[in-house]
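Architecture and fold: a report
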Amino acid sequence: MLSQQALHEIASVQSQEASSQHALLTALRCMQAERLHVGPQEVEFLAGLLDLSPATVEGVARFYDQITKEPVGRHVLTLCRGISCYLCGADAVAEETEQILDVPAGGTTSDGRLTLRLAECIGDCSHAPAALLDDEFVGPFDPQSLHAMKDL
Amino acid sequence: MTNVLTRHIEQRDQARLAVALRGGAYEGLRRALKLSPAELIAEVTASGLRGRGGAGFPTGRKWSFIHPQPGQPVYLLCNADESEPGTFKDHYLLKHDPHLVLEGIAIAAHAIGAAKAYLYMRGEYASIARDVQAALQEASAAGILGDHCLGTDFSLQIEIQLGAGAYICGEETGLIQSLEGKRAYPRVRPPFPAVHGFVDQPTVVNNVETLANLSYILVEGAQAFAALGTDRSTGTKLICISGAVARPGVYEVEMGYPLLEALRREAAGVRLGRRLKAIIPGGTSVPVLTAEEAAPVMIDYESMQAAGTMLGSGGMIVFDETADMPKALLRIAEFYAHESCGECTPCREGTGWMAWVLRRLVAGEGRPGDLELLLRVGGNIEGRTICGLGDASVQPVRSFLQKFRPEFEALLPPARDAGPEWQRHGHGPRTARHGAPGDEALRSEPVDGPPDAAL
Ligand SMILES: Cc1cc2nc3c(=O)[nH]c(=O)nc-3n(C[C@H](O)[C@H](O)[C@H](O)COP(=O)(O)O)c2cc1C
Ligand code: SF4
Ligand code: FES
């Protein structure tokens, strides 16, 4: 279910401490990156891998915003709606983005290409309205730039 | 002005070891390793350095609480969760001068006798983490970090851990829980992390900026550092200016620098030549200042306190005259409602309620008594929670209502429209981390929930 590389990364984090649960956060991140979500099957797999109960894995997974129960698109566009970005027009940017992508925030384009998320302050307030495209900061975000990203 | 933290920040490729070394990187560590831990703690105590993560606790003193049993491992955790709205200084330091932070981690680890340190970075900083990892590998390969740092007996393993999107992981015990692979539910103190911290061992949690000061203190001396700033707020502070300003960014100022001067000079003033309305000086968890109140305030712990607010994280959020304060407060309240971890009832329910009442006010569906209701809910949170988030969530509500009251009153219906008491209650809130909705909870429409019988 996970690539060798991911399994290797998880094992190396696991070896840092005596408790294997220490590696759970990394394991969830790897799973999210490769399987685009952490649903019931993924939970079962990680529980087996780290010798934890599925409930433990599920409970931790649901705590974190970046770990999703439903699959996200191949790319995730995260728009900040924090206070500084709000003061710099984030609401209008989010609306325009929804229109251009034709998905509501939280949704994924019908081709599964991109998920649009709204997030609280993402720590890049000087580039308001701030945004992340996958892991990269792309603020100040101009929704019109999406037209050039069609081939993501 | 002396730059303690940003001296090399504009140097191209400062993240590369060779470039950083030319600028004197790891010289502070070299000196620190010549001192015994006790001498090192004394030096940092003499510098007057106080924690830059928000609370301003003296760093040397925090370290002095570590007394491991023989053979017991000690941990240093560097807090790079940085999720306080309006704060992006650690982002800036880690991105532009990772070696300065790594050096600080090594110095602190030596002071407390830690052989292992974790750098916990919020998940949104994944791209920065890759660069920090590269810097760490370079420094380890060069024999500066890792086994036998700089050829001494001191060995230090530094691991980078990424979060996955939860503000509460910045709270020190939430961070510890998260690092242990658990829900980041903060822990009841005592016991304090200095005694029972990460994997139940003695642990120090320090902010990125705090640790980045150490190199300077070791190279230039505690006295040189203490000579900067004011008597009780020594050194410099990174301030993050954002919101309605012409030139948002991270700026380093000496402690005691006038707040509005920083706004004018560093951030080029309020954008579009507008008038300043208000400023939150330390991240959303501290009380807002009106323009008038901000005028005499200096950027240091004592001056902020005298003005009824706090230096906090140094995240300065600027509101211009066009700002709609109830809407802005709603945004802030929604943040806390979303980020409350849900462990304690007053915070979990109260933050949701404050957001919900504000949402209906802003939507034009306010009810008589809503402002009192907000304050009452806030009062029921304060002092009744496990961690500081609960109290923090009340600061903006109370200060906005007090200082911009007419804007909130204008949203209330005339008193005679009030129905009987039972009709005035609607449906309660729901929030994301512990309730059902995910991204919908991040939107501003009123959300239906259970009746508010509890109130
Ligand atoms: C809700 C909450 C969130 C916090 N978030 C952060 C954070 O993101 N970064 C940080 O350094 N400290 C944060 N803190 C403060 C930490 O608990 C802790 O005091 C700090 O990391 C200690 O470092 P220092 O002594 O170097 O300031 C937070 C505290 C609370 C109550
Ligand atoms: S105060 Fe709020 S965030 Fe802190 S532990 Fe309690 S519920 Fe969690
Ligand atoms: S408020 Fe948007 S990045 Fe901080």
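Everything here concerns the structure above.
To keep things clear, this report deals only with the structure shown in the data block. Note that the structure is predicted; figures quoted are calculated from it, not measured.

Residue and element names in this part refer to chain B. The environment of ligand 1 is formed by 18 residues, the closest being Gly-53, Lys-62, Glu-172, Asn-207 and Thr-210. Val-205 places a main-chain nitrogen or oxygen 3.5 Å from an oxygen atom of ligand 1. Taken by itself ligand 1 offers 610 Å² of open surface, and the protein chains cover 88% of this. Those elements that provide at least two residues to the shell around ligand 1 are strand 4 (203–207) and helix 18 (388–403).

Right, let's talk about the pattern of salt bridges for a bit. All names here are of chain B. Taken as a whole and assessed by the stated rule, the structure comprises 38 salt bridges over all chains. Taking the shortest distance from any N to any O, the salt bridge between Asp-90 and Lys-89 comes out at 2.9 Å. You'll find Asp-90 and Lys-89 in the same group, each marked buried. One salt bridge connects Glu-372 with Arg-405, and the closest N-O pair in it is separated by 2.9 Å. Of this pair, Glu-372 sits in helix 17 (residues 370–381) while Arg-405 is found in helix 19 (residues 405–409), placing the two residues 33 residues apart along the sequence. You can call Glu-372 partly exposed: its relative accessible area is 42%.

One frequently used descriptor of interface size is the decrease in accessible area upon assembly of the parts. Taken together, the contacts link 62 residues of chain B with 41 residues of chain A. Interface of chain B and chain A: buried area, both sides summed, is about 4100 Å²; carbon and sulfur atoms make up 52% of it. Scanning the region where chain B abuts chain A turns up five salt bridges. Here chain B is connected to chain A by 28 residue pairs in polar contact (both at pLDDT 80 or more). Those elements giving two or more residues to the side of chain B that touches chain A turn out to be strand 2 (116–121), helix 7 (126–141), strand 3 (157–162), helix 8 (172–179), strand 5 (236–243), strand 11 (315–320) and helix 15 (325–339) of chain B. For the side of chain B that touches chain A, the element with the most residues is helix 15 of chain B, which contributes eight residues. The residue makeup of the side of chain B that touches chain A, split by class, is 27 nonpolar, 17 polar and 18 charged.

Once that is clear, we can look at the nonpolar core. By size, the foremost hydrophobic cluster in this structure holds 80 residues, and its most contacted members are Leu-28 and Tyr-64 of chain A together with Leu-77, Phe-319, Leu-374 and Phe-400 of chain B. Among the elements that line this core, the one with the most residues is helix 15 of chain B, at nine residues. Once you skip the residues sitting within four places of it in the chain, Leu-77 of chain B turns out to touch Tyr-118, Leu-175, Ile-176, Leu-179, Phe-198, Thr-203, Val-204, Val-205 and Asn-206 of chain B. Listed in part, the 79 residues of the second largest apolar core include Ile-122 of chain A together with Ala-25, Leu-119 and Leu-211 of chain B.

All right, on to the site of ligand 2 then. Every one of the 13 residues lining ligand 2 counts as a neighbour, but Cys-341, Cys-344, Cys-347, Thr-385 and Cys-387 of chain B are closest to it. Across the shell around ligand 2, the residue classes tally to eight nonpolar, four polar and one charged.

The subject of this paragraph is the packing of helix 5 (residues 89–96) of chain B against helix 6 (residues 98–112) of chain B. Residues and elements named next belong to chain B. Running from N to C, helix 5 and helix 6 point in directions that differ by 100°, and their axes come no closer than 5 Å. For the element pair helix 5 / helix 6, the angle class is roughly perpendicular. When helix 5 is examined against helix 6, the residues Leu-93, Leu-94, Lys-95 and His-96 are found in contact with a partner set consisting of Pro-98, Leu-100 and Val-101. Each residue belonging to the contact of helix 5 with helix 6 can be placed in one class, and the counts come to five nonpolar, one polar and one charged.

Moving on: the side chain of Ser-233 of chain B. Residues and elements named next belong to chain B. Along the chain, Ser-233 falls in the loop between helix 11 (222–226) and strand 5. Among the residues examined, Ser-233 registers a relative accessible area of 0% and is labelled buried. Polar contacts involving the side chain of Ser-233 include one to the main-chain amide nitrogen of Tyr-301, which spans 3.1 Å. Of note is the side chain of Ser-233, whose polar atom sits 2.7 Å from the side chain of Glu-302.

Residues and elements named next belong to chain B. Counted under the stated rule, the structure contains 14 aromatic pairs over all chains. Each ring, one from Tyr-75 and one from Phe-198, has its centre 4.8 Å from the other, and the planes form 90°; the classification is edge-to-face. Of this pair, Tyr-75 sits in strand 1 (residues 75–80) while Phe-198 sits in the loop between helix 8 and strand 4; the two residues are 123 residues apart in sequence, bridging distant segments of the chain. As far as burial versus exposure is concerned, Tyr-75 and Phe-198 are alike and both buried. Measuring from centroid to centroid gives 4.8 Å for Tyr-167 and Phe-335, while their planes differ by 70°, and the two rings are edge-to-face.

Cis geometry is found at the peptide bond from Ala-128 of chain A to Pro-129 of chain A, where omega equals -10°. The topology assignment puts Pro-129 of chain A in the loop between strand 2 (114–119) and strand 3 (131–133). Omega for the peptide link from Arg-189 of chain B to Pro-190 of chain B comes to -5°, which places this bond in the cis form. Inspection of the secondary structure puts Pro-190 of chain B in the loop between helix 8 and strand 4.

Residues and elements named next belong to chain B. Among the six residues of strand 1, six are classified as buried, and the element is accordingly described as predominantly covered. Judged by which residues are buried, strand 1 turns out to be covered on both faces: Tyr-75, Leu-77 and Asn-79 on one side and Leu-76, Cys-78 and Ala-80 on the other are all buried. Relative to strand 2, strand 1 runs parallel, the two being bridged by six bridges. The residue bridging Leu-76 from the neighbouring strand is Ala-117, located in strand 2. Pairing of strand 1 with strand 4, which is carried by five bridges, proceeds in the parallel orientation. Paired with Asn-79 across the two strands is Asn-207, which belongs to strand 4.

Quick notes on the rules
- Residues numbered from 1 in each chain as written.
- Chains lettered and ligands numbered in written order.
- Predicted model: local features only at pLDDT ≥ 70, side-chain atom pairs only at ≥ 80, totals over all residues.
- Heavy atoms only, no water.
- Near = heavy atom within 4 Å.
- Polar contact = N/O pair within 3.5 Å; in protein donor to acceptor, adjacent residues only side chain to side chain.
- Areas by Shrake-Rupley, 256 points an atom, 1.4 Å probe, with all protein chains shown as cover.
- Helix = DSSP H or I, 4+ residues; strand = E, 2+ residues; numbered from the N terminus.
- Salt bridge = Lys/Arg side-chain N within 4 Å of Asp/Glu carboxyl O.
- Buried < 20%, exposed > 50% of the residue type's maximum accessible area, 1.4 Å probe, protein only.
- Contact = heavy atoms within 4.5 Å.
- Buried area = accessible area lost by both parts, 1.4 Å probe.
- Nonpolar A, V, L, I, M, F, W, Y, C, P; charged D, E, K, R; others polar.
- Core = buried A, V, L, I, M, F, W, Y, C linked by side-chain atoms within 4.5 Å.
- Axes fitted to C-alpha atoms, helices over the stretch in contact; angles between N-to-C directions.
- Parallel < 35°, antiparallel > 145°, perpendicular 65-115°, else oblique.
- Phe/Tyr/Trp six-rings, centres within 6.5 Å; stacked < 30°, edge-to-face > 60°.
- Pairing = 2+ DSSP bridges.

The analysis is restricted to geometry; functional conclusions fall outside its scope.
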